[in-house]
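Commentary on secondary and tertiary structure
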Amino acid sequence: MAERLFVLTGAGVSAESGLPTFRGSGGLWNGYRVDQVATPEAWEDDPELVWRFYSMRRRDALAAQPNAAHFALASMERALGERFYLCTQNVDDLHERAGSDRVRHMHGSLFASRCVVCNRPFADLAFYETALPHCGKCDALIRPHIVWFGEMPLYLDEIYRELELATRLLVVGTSGSVYPAAGFVKTARQSGVRTVYVGPEEPLNVSAFDEVMLGTATEILPRLV
Ligand SMILES: [Zn+2]
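The following refers to the structure shown. From a predicted model like this one, the values you see are computed outputs, not experimental measurements.

1. Looking at the overall build of the protein
A count of helical and extended segments in the protein gives nine helices and 11 strands. Within the protein, the proportion of its 225 residues that are buried is 51%. Across the protein, every contact between residues at least 6 apart in sequence was considered, and the portion connecting residues at least 24 apart equals 64%. Surface summary for the protein: the accessible area is close to 10800 Å², and the carbon and sulfur share equals 52%.

2. Focus on the coordination of the zinc ion
Summarising the metal site, the zinc ion is bound by the protein donors Cys-115 (SG), Cys-118 (SG), Cys-135 (SG) and Cys-138 (SG), whose distances to it range over 2.2 to 2.4 Å. Geometry at the zinc ion is tetrahedral, judged from the four donor atoms that bind it and their angles of 97 to 116° at the metal. Spacing between the donor residues of the zinc ion along their common chain follows C-x2-C-x16-C-x2-C. Remark: Cys-135 occurs in the loop between β7 (122-123) and β8 (142-146) and Cys-115 occurs in strand β6 (residues 108-115); sequence separation between them is 20 residues. Just as Cys-115 is buried, Cys-135 falls in that class too.

3. Structural notes on the sheet that holds β7
Read from one edge to the other, the open sheet built from three strands follows the order β7-β6-β8, with strand pairing classed as antiparallel. Every other strand in the sheet has two partners, leaving β7 and β8 as the edge strands with one partner each. Two strands pair when backbone bridges link them, and β6 and β8 are joined in this way by four bridges, in the antiparallel orientation. Across the sheet, the residue bridging to Arg-114 is Arg-143, located in β8. Seen against the sheet, helix α4 (residues 47-63) touches β6 and β8 and runs at an angle of roughly 140° to β6.

4. Remarks on the packing of aromatic side chains
All chains considered together, the criterion is met by nine aromatic pairs. Measuring from centroid to centroid gives 5.1 Å for Tyr-32 and Phe-53, while their planes differ by 70°, and the two rings are edge-to-face. Placement of the pair is Tyr-32 in strand β3 (residues 32-33) and Phe-53 in helix α4, with a sequence separation of 21 residues. Phe-53 matches Tyr-32 in its accessibility class, with the two residues each being buried. Their ring planes at 40° and their centres at 6.4 Å tell us that Tyr-54 and Trp-148 sit as a pair that is tilted. In this pair, Tyr-54 sits in helix α4 while Trp-148 sits in the loop between β8 and α7 (156-165), placing the two residues 94 residues apart along the sequence. In textbook terms, an aromatic cluster arises when at least three aromatic residues are bridged by ring pairs, as seen for Tyr-32, Trp-43, Phe-53, Tyr-54 and Trp-148. Across from the ring centre of Phe-127, 3.8 Å away, lies the NZ or CZ of Arg-59, which sits over that ring.

5. Comments concerning the sheet that holds strand β10 (residues 194-199)
An order of β5-β4-β1-β9-β10-β11 is seen for the six strands of this open sheet, with the pairing classed as parallel. Only two strands of the sheet have a single neighbouring strand rather than two, namely β5 (103-105) and β11 (211-214). Put simply, the sheet's adjacent strands are angled 20° from each other on average, direction ignored. Inspection of the sheet shows strand β9 (residues 168-172) paired to β10 by five bridges, in the parallel sense. The residue of β10 that forms the bridge with Leu-169 is Thr-195. Along the sheet face, α7 touches β1 (5-9), β4 (84-88), β5 and β9 and points at about 135° away from the line of β4.

Each value, and the rule that gives it
Residues numbered from 1 in each chain as written. Predicted model: local features only at pLDDT ≥ 70, side-chain atom pairs only at ≥ 80, totals over all residues. Heavy atoms only, no water. Helix = DSSP H or I, 4+ residues; strand = E, 2+ residues; numbered from the N terminus. Buried < 20%, exposed > 50% of the residue type's maximum accessible area, 1.4 Å probe, protein only. Contact = heavy atoms within 4.5 Å. Areas by Shrake-Rupley, 256 points an atom, 1.4 Å probe, with all protein chains shown as cover. Donors = N, O, S within 2.8 Å, 3.2 Å for Na, K, Ca; no water. Tetrahedral: all angles 85-135°; square planar, octahedral: opposite > 155°, others 65-115°. Pairing = 2+ DSSP bridges. Axes fitted to C-alpha atoms, helices over the stretch in contact; angles between N-to-C directions. Phe/Tyr/Trp six-rings, centres within 6.5 Å; stacked < 30°, edge-to-face > 60°. Lys NZ or Arg CZ within 6 Å of the ring centre and 35° of its normal.

Below you can see the structure in the form of structure tokens.
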């Protein structure tokens, strides 16, 4: 049977391009706590603060550059074509800027927004640091197209279908603590998929992997191409 590769990338891959993570800094992101800026309750309480935070993250992501791990995954996609599937927990666009064409952002995208009523995502590179954006059609608030803690990730049906079709699951730079992504390994293994982990330290769900390659994604992925 032809190899079919499912790749899941997490914050570690973006961190190597200089983008911070909540986990890497004691649960704080430039002084913001998760529950202040990345939950539906935070949005209800203080949408201005939430938009200042995501505007700052847009600026940071625009200034960052894709790294060797992003480029390695883009080459794998070119080699495998339809037999390659990239699912990322990251909301930046570094995979796309490295040349990946078919990326599924299960936690949403930093460069998209949506009206809280109309609900249709659209590309958005604006910064909302002084005034809140409103929908041109219905005047409701525009929110970041980000899956916050407590919200349902995107593309789950498609993701589980692809997991079943895969022959190999490669998990890169994710701590194994955020569900449902952390559970993909178990699902994959149950359907006979070979599971491989790449990251600088053992993930929390290490026992679910057939193979663990310790090292940074930028060291290891170029060698796997
Ligand atoms: Zn609207």
